[in-house]
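Take a look at the letters that make up each chain.
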Amino acid sequence: MKELVEVIAKSLVNNPDEVVVTETVTEKETLLELKVAPSDMGKVIGKQGRIAKAIRSVVKAAASKEETRVTLDIQ
């Protein structure tokens, strides 16, 4: 999951070196935290949050295939 979010985020931003994804696994779910450069935040979120919503949809679909619950937090 972590690699999937990393690849998507790096393809969207101007500073791919500053993309950091941390993964925290608990019994109930997996929490993914995506951190990007402040100047790239708008590109990851998109107009009215459309890109962020699309990324979350892709991650949710991949998680359902593995039968886990994943939460994506964009910072």
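See the structure above.
Residues numbered from 1 in each chain as written. Predicted model: local features only at pLDDT ≥ 70, side-chain atom pairs only at ≥ 80, totals over all residues. Heavy atoms only, no water.

## Describing the overall build of the protein chain
- When its secondary structure is counted, the protein chain shows three helices and three strands.
- Overall, the protein chain shows an N-to-C arrangement of helices and strands of α-β-β-α-α-β.
- Here the C-alpha radius of gyration of the protein chain, 12 Å, is about what a compact globule of 75 residues would show, namely 11 Å.
- Taken along its principal axes, the extent of the C-alpha atoms in the protein chain is 35 × 20 × 15 Å.
- Sequence separation of 24 or more characterises 52% of the internal contacts of the protein chain that already satisfy a separation of 6 or more.
- A total accessible area of about 5,100 Å² is found for the protein chain, and carbon and sulfur atoms account for 51% of it.
- Charge separation in the protein chain, taken as the distance between the mean sites of 12 positive and 12 negative side-chain charges, equals 9 Å. (Helix = DSSP H or I, 4+ residues; strand = E, 2+ residues; numbered from the N terminus. Rg over C-alpha atoms; globule rule 2.2 N^0.38 Å. Contact = heavy atoms within 4.5 Å. Areas by Shrake-Rupley, 256 points an atom, 1.4 Å probe, with all protein chains shown as cover. Lys, Arg positive; Asp, Glu negative; His and termini not counted. Charge placed at Lys NZ, Arg CZ, Asp CG, Glu CD.)

## Some words on the environment of Val 13
- Inspection of the secondary structure puts Val 13 in the loop between helix 1 (2-12) and strand 1 (20-25).
- With 26 residues separating them along the chain, Val 13 and Ser 39 place their C-alpha atoms 8.9 Å apart.
- In contact with Val 13, not counting residues within four places along its chain, are Val 19, Val 36, Asp 40 and Val 44.

## A few points about the packing of helix 1 against helix 3 (residues 50-65)
- Running from N to C, helix 1 and helix 3 point in directions that differ by 155°, and their axes come no closer than 10 Å. Between helix 1 and helix 3, the interaxial angle falls into the category roughly antiparallel. Of the two elements, helix 1 crosses helix 3, and the hand of that crossing is right-handed. When helix 1 is examined against helix 3, the residues Leu 4, Val 5, Ile 8 and Leu 12 are found in contact with a partner set consisting of Ile 51, Ile 55, Val 58, Val 59 and Ala 62.
- Of the residues in the contact of helix 1 with helix 3, the class split is nine nonpolar, no polar and no charged. (Axes fitted to C-alpha atoms, helices over the stretch in contact; angles between N-to-C directions. Parallel < 35°, antiparallel > 145°, perpendicular 65-115°, else oblique. Left-handed = near helix turned anticlockwise from the far one by under 90°. Nonpolar A, V, L, I, M, F, W, Y, C, P; charged D, E, K, R; others polar.)

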